[in-house]
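Below are the chains, spelled out letter by letter.
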Amino acid sequence: MTGQKRILAALLGTLAVFVLIIGGLSAVLLLSGGPKGGSSASGTAGGAVDTKPASGRLRLPGTDPLTLDPALATDSGSAEYIVEIFSGLMTIAPDLKIVPDLAESYQVSDDGKVFTFKLRDNAVFHDGRSVEAADVKCSFERAASRTTASPTAPVYLNDIIGANDMMAGRAQDIKGIEVVDKKTVKITIDAPKPYFIAKLTYTTAMVVDCKQAQQNPRNWMRSPNGTGPYRMTDWRVGERIVLESNPKFYLGAPKVSQVLYQFTGGSALTRFENNELDIASISVNDIDRVRDKNSALGKLYQTATDFTISYLAFNAKAAPFDDANVRRAFGLAIDRSKVTSVTFNNMISPATGILPPQLPGFTSDDKTLKFNPDAAKAALAASKYKNAAGLPPITMTEIGGGASAGLDTQAYIEQWKQVLGITVQVKQQDTASFFDDQQKGRLQMFNAGWVMDYPDPEDVLDLKFYSKSTLNDIGYSNPDVDRILEQARIERDPGKRLAQYQDVEKRLINDGAWLPLYFGGSHQVVNASVKGWFNPPMVIPRLRFVSVDR
Amino acid sequence: MTGYVIRRLAILPLTLFVVSFFTFAIARYGPGDPVTIAAGQVRDPEVLERIRHERGLDGTIFEQYQRWAVRALEGDFGESFIQRGYSVRELVVPKMIVSAQLNVLSIVFVFVIGVPLGMLAAWFQGKWIDPLIISSLLFLSAIPVLVILPPIQWLLAVRFHIIPVGGWGGLIDIYWIAGVIAVPIPNPHLYLPLIVLTVPGFSGVARLVRITALQVAREDYVRTARAKGLTETTVALRHVLPNAMLPLVTAIGLSLAGIVEGSYFTETLLGIPGIGAFTFESVRSRDYDVILATTLIVAVFFIVMNLLTDLAYARIDPRVRLGASNLS
Amino acid sequence: MTIAAPAAANSPAEAAASRGSVALFWERLRKKKLAMMSLMVIVLIYGGGILAPVIAPYSYTQQNIDQALQGPSRAHPLGTDRLGRDMLSRALYSARTTLVVSVAVLVSGSLIIGNGLGLIAGYRGGWVDNTIMRVGEVFSSLPGLPMLILVNAALSPRVDEFAKWAGRLPGGGGVVHDFASYISIFAALSLFFWVGTARYVRSLVLQLRERDFILAAQALGASTPRILVRHLLPNIAFIVVLQLSATLGSVAGTEVALTWFGVGVQPPTPSFGAMIYDGSGTRTFQAYPHLLLVPGIFVSLLLFAFALLGDAINDVIRER
C-alpha cells in the first residue's frame, strides 16, 4: 500500500502549491482591502463612524434613499431624509397642522388665488447664504423644467399659473411666481383651491440651491446645500447615512447633533437589544413580547396609526368586475377583522372607510361592507353572471418577490372559495412587470396600498378616483363623483368641503371601486434615553423635536 | 501555444459584444420599464416620455445600444437609473470587491480543508472513517443556505453573542489588548458568511478528491508504469499526478471564474453589501446600465479564467491537444 | 468478485457494461447499507408526495385561523402555520410538488444538453469544440438567476397559456398545470446552466480520446457516433450518473430558490420553498422555529439521501 500512500501524498503536495497561489491572491486582496467595507465615496471620506451610544447621537435603522433631489423623489424612503435636509415655504407640524416654515407668514387674496409669502429674515442655506425670493422662484422652476423631468411636478405644481406651460416646454419660467422683493414672493394659482397650501409641504416644492444644482447636475446631491435642520455629511450607498445638525437653522439648532442611519447589520430588533440602535420596528413575530407591559421591551413600546390604507382594487373596465354586484359580493364574503386580529395580531386595524384616522374628514363609523356570507351570495346571484360557474377565470395580482402570497391574500382566497365557490388564482409579479400590466389595464384585481402625502382628503379621493386623473389606475369613471370632486376643489367653506368628500367616500365604497382592507399602524420600541420621539402618520420633519440624553 | 492563446483572446471582444447585446435585448424587451418604476405613481404619458428621453431610453434598440457601447468603450458605463447621481462604476466596483474578498477567502478555505479531508477519506477507504467523513460532509452541505442560516445566526449571534447578527466590516478588525497593543484579527462579520459559503464547498471538493485519487490509483497506466520498473516517485509525479489534477483544476478554475459574483441569499440574509444582492435588486428595478456593467465584468473574468484553466489542462496532460480536431 | 480484465484495449467500465450489468449493478448496490437507507428515505418522501391526496390528514388549503402557529400536538403532529394550516399535510403536498419539478427537469432535457454537448466538444475538438465552448461562455457569463427572472417575466404570459391549456387536457388538473409551467422554466434554466456539466464531461473526454481503446476503435473504422455511444459514453457514465443523482437532489434546493424569486408554483399550491419562505428570518425562527424546521428537515433529508445514493452508485460502478 505504500505506493498508494505516496501517490496521495504527492497529490497533497501539488495541491498545496495551488492553494499557495490562491493564498497569494487573497493576500493581495487583503492588503488592498481599502477602507472598511470599501463602498463608494460620498461627501467626506473617512473610515468607520463611531456607533456607540452617546448623548446627542441618535442611531436609527434605514435604507438607501433612491434620490436626495426633492424634485425627483417619489418614495417615502427618500422623503424621510429629504424633509430633514431641505425645507419649503410651508411644512406639516407634529400635530398635522400646516404651518409656515421658510416663510414667516403668508396672506391669501380675497379671491383665494394669490398667495403672498414673506420669508424669514434669518432663513439661510447650510453654507450661510441668505434664502431669498429668487431662490424660491428658481427652485420651483427647476422642478418644472424639462431637463429635470420631475415625475411629481405635474401633480404638485400644476395649480400654479404658468407651471404647466413650463413643463410642456412652452415657457422658460413660471409666470405665476413673482419675486416682489428680496424676502417676498407671490404665487398665483388657477382657481381658489384651499388645499394648495397643503401641497406646498410636499418635497417638490422645497427650496434648493439652484446654482449648486446647475453647476453639478449629476453629483450635487452628495453634499447638498439645503435649508433644513440637518446637513448630510456622509452617505455610503448600502451602508449608512450620517446627518449632522445645522447650527444656523432658522428655528433654532436641533438638540440631536448627529443622526446615524445604519443600513446593514441584520434584524433591527436584534441590534436594538444589543444596544446598537435606538429605535426598532416590531414585526408580528415579536408583538406579543412587546405588548407585555412588564417586560423590558414592553416599557419602550410605542404605537400609532398612520396614513396608509391597504385595499383591493377591481378593474371596472374588465369582466367580471364591470358589474358592481360582483364587486360587492367579493367585499361581503371576507372577514377582515378575523384576519387582522388573529393573523396580524391586531397590529393593523380593519379599514372603516377610505379616509384613515386623524385625517380631516375621517369619521369612525364603519362605512365598509361587513362580513355577511348570505348577502355575498345574494349579491353574486343578482349580478349578470348569476353564479360562480358563470364567471370567467379570475386572477389576483400582487407584487411579490418571495414565495408566498401575502397571508391575508391566502386567507381571502380561501374565504371566496368557501362562501362564493369562486376560485381565484394568485399571480405574483415583480414590481416592474406589475406596473407595466397595471398601466396597460391588464390586471383584473390587485392588492395595493396608498400613503397620504399631505393631510387633505383630496390627496386620495381626487387623485385616485377622478376619472381624468393620471393616478387613477383602475379606470374608474363616475360622472356624479367627478362632479362633486370638482366642486370640492374650490369649496372654501371647510365644513361643507369635508362633507362633500365624505359623500364621495360613501359612494365609492358602495360602488365597490376599492375594497378597503386595513389602516396601517406603526409599532416601535424606543430607547429610554430618547425623548420626544414620535411616529407621524406620514413623512414629516421630526428629528429636530427629539433629544437624546445619556 | 501562443497562437492558441492569441486566438482565444481575439474572440474576447466578439464574445463581449454578443453578451452585452443579448443582455441589452433581454432587459429591454422584457416586461417592466424602469421609467414607470422611477416615475412612481405618476402615469402621465407626457411625463414618462420626458423621463425616457432624459435617461436615453428612447429610439430604436440599435440606437440605444450604440449610444451605450460608444460610452462604454471609453470606460463610462453610465449612471444608475435608480440610485440617481451615482455612476454605475462607483456603485458596482466596491460591491464586487466585497464579494470578491469573501469568495477568495472561501476558496482558500475550501481547498485547504477539502483536499486533506478528501485524501483522508481515500486513504482510509474501506474502514469506518471514510464513510463517516463523507456522510458528515454530505449532511452539512445538503442543508440549503436558507435553512441553515437562521438557526446558526440565532445560535451564534443572538443566543451567545459571539458574532454580530449581520453587516460587513471589511476583512481585518483591530483588537486592543489592554487598550495599548493593537492586534489584527479577522473581522467577526466574516465568520457567518464564510461558514455558510465554505461548508458546501469543501464537502464537494473532498468528495471529488477522494473519487479522483481512488480512481487514478487503480488505472492501468499506473500498473503498467510500475511494471515497467519505474520508481514510485516517477510513477506518482509523471503519471498519477497529472491525471488526478484535471478535475481539480476544473474545480478551481470554476471557483475562480465566479469570483466577482455574490451569493444573493447569503448577502441578503446577512446584510452584506455585495454584488449578489445588488445585481438582483437591479434586475428587479430594471436598472439596465447596472445589469449590463455587472454582466460584462463577470463575463470578462469568466472568459479569462476559462482560458487559464484550459492552458493548465494542456500543461498538465501533454496528451491533451488543445485546438486540435479529432476527425475520424 | 473480480472480472478478469480483457486485453488492455478495453476500458474497465466497458467490460462491466457488456456483462448483464444492470443485474450486477443492482446486486452490488444492495450491499451498501447507506445507499439502501438513502433509497428508502427518497422513496418514503416521494411516496408520501404521490399518496398525499390519500394520506394527508387535512387539505392543504384548510385554514383554521384560530389555531394558527401552534407547535406539534396530537391533532397536528407537525404544528400549524400562520393561517392555521396543518404543516404535515402541507409538507406531503410539497413533496409532491418537488416530484413534479424533478420529472420536469428530466423531461426538459437539461441533462441531455450538458452531457451531449460536452461529449461532442471534447471528442471533435477543433472548431466544433471552440464554438461550443465560446457559446457556453456567453451563456454562463450571464448572471443565471437574474437572467432567469427576466426570461421568466418575458415568457410567463405564454407559459401561463401553455400551462392552462395543459391543465384543461383530459386527465389534467392542478398537477399537469404545475408540470407544464415547470417544464418551461427548466427549459429556460438549462440554457444557462448546461455549461458546467459540459466542461467536466469535455475534460474527461479530452483525456479519454487519446486512450488506446479509442484509437483502436478508430483504426478499425468505427464511425464517430458509434465511438461516442459505445466507447466513450460508458466511460463517462459515472459522471453522468453522478450528475443525475446530483441534479435530482438539487432539484429540491433549486425549487426553494426559485420560489423565493417568485418563479414556480403559485399559492395556494404548497411547496417547500414557500414553506421555508414563511419560516425564514432570525426573528421568525426565534419565535416559531417549527415553521422553518419542518420544511428544512425534509429538504435537507432529500438532498442528503440523493448525495449518498450518488456516491454509492459511483463507488459501485468504479469497482472491478
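Residues numbered from 1 in each chain as written. Chains lettered and ligands numbered in written order. Predicted model: local features only at pLDDT ≥ 70, side-chain atom pairs only at ≥ 80, totals over all residues.

Trainee: Could you give an account of the overall build of chain A, with specific residues and numbers?
Mentor: Secondary structure summary: chain A contains 17 helices and 19 strands in total. Dimensions of chain A, computed from the C-alpha atoms along their principal axes, are close to 90 × 75 × 55 Å. Looking at chain A as a whole, 46% of its 550 residues qualify as buried. Restricting to contacts in chain A with at least 6 residues of sequence separation, those with at least 24 account for 68%. (Helix = DSSP H or I, 4+ residues; strand = E, 2+ residues; numbered from the N terminus. Buried ≥ 20, exposed ≤ 12 C-beta atoms within 10 Å, placed from the backbone. Contact = placed C-beta atoms within 7 Å.)

Trainee: With reference to specific residues and values, describe the interface of chain C and chain B.
Mentor: Contacts between the two partners involve 50 residues from chain C, matched on the other side by 57 residues from chain B. For the side of chain C that touches chain B, the secondary-structure elements that each account for two or more residues are helix 6 (110–124), helix 7 (126–141), helix 8 (144–168), helix 9 (174–208), helix 11 (224–260), helix 13 (282–287) and helix 14 (290–318) of chain C. Per-element tally for the side of chain C that touches chain B: the top contributor is helix 14 of chain C, with 11 residues. In the side of chain C that touches chain B, the residues fall into 25 nonpolar, 17 polar and eight charged. (Nonpolar A, V, L, I, M, F, W, Y, C, P; charged D, E, K, R; others polar.)

Trainee: Hey, could you go over the packing of helix 16 (residues 479–490) of chain A against helix 17 (residues 494–511) of chain A for me, with residue numbers and the actual values?
Mentor: All names here are of chain A. Packing of helix 16 against helix 17 leaves a shortest axis separation of 9 Å and a crossing angle of 160°. The pairing of helix 16 with helix 17 is recorded here as roughly antiparallel in orientation. Both helix 16 and helix 17 take part in a crossing whose hand is left-handed. Touching Asp480, Val481, Ile484, Leu485, Gln487 and Ala488 of helix 16 are Arg497, Gln500, Tyr501, Asp503, Val504, Arg507 and Leu508, all from helix 17. Its residues placed into classes, the contact of helix 16 with helix 17 shows seven nonpolar, two polar and four charged. (Axes fitted to C-alpha atoms, helices over the stretch in contact; angles between N-to-C directions. Parallel < 35°, antiparallel > 145°, perpendicular 65-115°, else oblique. Left-handed = near helix turned anticlockwise from the far one by under 90°.)

Trainee: Could you give me a rundown of the nonpolar core, with the residues and numbers involved?
Mentor: Formed by 295 residues in total, the largest nonpolar core has its most connected members in Ala144, Leu157, Ala329 and Ala333 of chain A. No other element matches the 18 residues that helix 5 (residues 88–123) of chain B contributes to this core. Setting aside its immediate chain neighbours within four residues, Ala333 of chain A contacts Pro373, Ala376, Gln415, Trp416, Val419 and Leu420 of chain A. Judged by nonpolar contacts, the second largest core, of nine residues, contains Phe272, Leu277, Ala280 and Val525 of chain A. (Core = buried A, V, L, I, M, F, W, Y, C linked by C-beta atoms within 7 Å.)

Trainee: Which residues make up the confidence of the model for chain B, and what values go with them?
Mentor: All names here are of chain B. A residue-level look at chain B finds 89% of positions with pLDDT of 70 or above and a mean pLDDT of 78. By mean pLDDT, helix 10 (residues 232–257) is the weakest element of chain B at 70, and helix 5 is the strongest at 85. Among the scores for the predicted complex, ipTM is 0.76 and pTM is 0.81. (pLDDT = per-residue confidence, 0-100.)

Trainee: Can you explain the confidence of the model for chain A? Please cite residues and give values.
Mentor: Within chain A, residue pLDDT values average 85, and 90% of them lie at 70 or more. When pLDDT is averaged over each element of chain A, strand 5 (residues 114–119) of chain A comes out on top at 96 and helix 1 (residues 2–31) of chain A at the bottom at 55.

Trainee: So what about the environment of Thr340 of chain A? Which residues, and what values?
Mentor: All names here are of chain A. Mapped onto the elements of the fold, Thr340 is located in helix 11 (residues 336–343). Given 20 C-beta atoms within 10 Å, Thr340 falls into the buried group. Through-space distance from the C-alpha of Thr340 to that of Pro350 is 6.5 Å; in sequence the pair is 10 residues apart. In this view, Thr340 contacts Asn346, Ile348, Ser349, Pro350 and Tyr518; residues no more than four positions away in its chain are not counted.

Trainee: I'd like to hear about the sheet that holds strand 9 (residues 240–245) of chain A, residue by residue, with values.
Mentor: Residue and element names in this part refer to chain A. The strand order across the open sheet formed by four strands is 1-10-9-8, and the pairing between neighbours is mixed. In this open sheet, the two edge strands, each paired with only one partner strand, are strand 1 (57–61) and strand 8 (230–236). Taking the axes of each pair of neighbouring strands and ignoring which way they run, one obtains an average angle of 15° across the sheet. Of the strand pairs in this sheet, strand 1 and strand 10 (residues 258–262) are connected by five bridges, and their pairing is parallel. Counterpart to Pro61 in the pairing with strand 10 is Gln262. Strand contacts of helix 2 (residues 76–85): strand 8 and strand 9, with the helix running at about 140° to strand 8, the strand carrying the most contacts. (Pairing = 2+ DSSP bridges.)

Trainee: Any chance you could break down the sheet that holds strand 7 (residues 184–188) of chain A for me, citing the residues and the numbers?
Mentor: Residues and elements named next belong to chain A. If you trace the four strands from one edge of the open sheet to the other, you get 4-5-7-6, paired in antiparallel fashion. Edge positions in the open sheet fall to strand 4 (103–108) and strand 6 (177–181), since each of these has one partner strand only. Mean inter-strand twist for the sheet, computed between neighbouring axes without regard to direction, equals 20°. Examined bridge by bridge, strand 6 and strand 7 share four bridges and lie antiparallel to one another. By the bridge assignment, Ile177 is partnered in strand 7 with Ile187. Packed on one face of the sheet, helix 3 (residues 133–144) meets strand 5, strand 6 and strand 7 and runs near 170° to strand 6.

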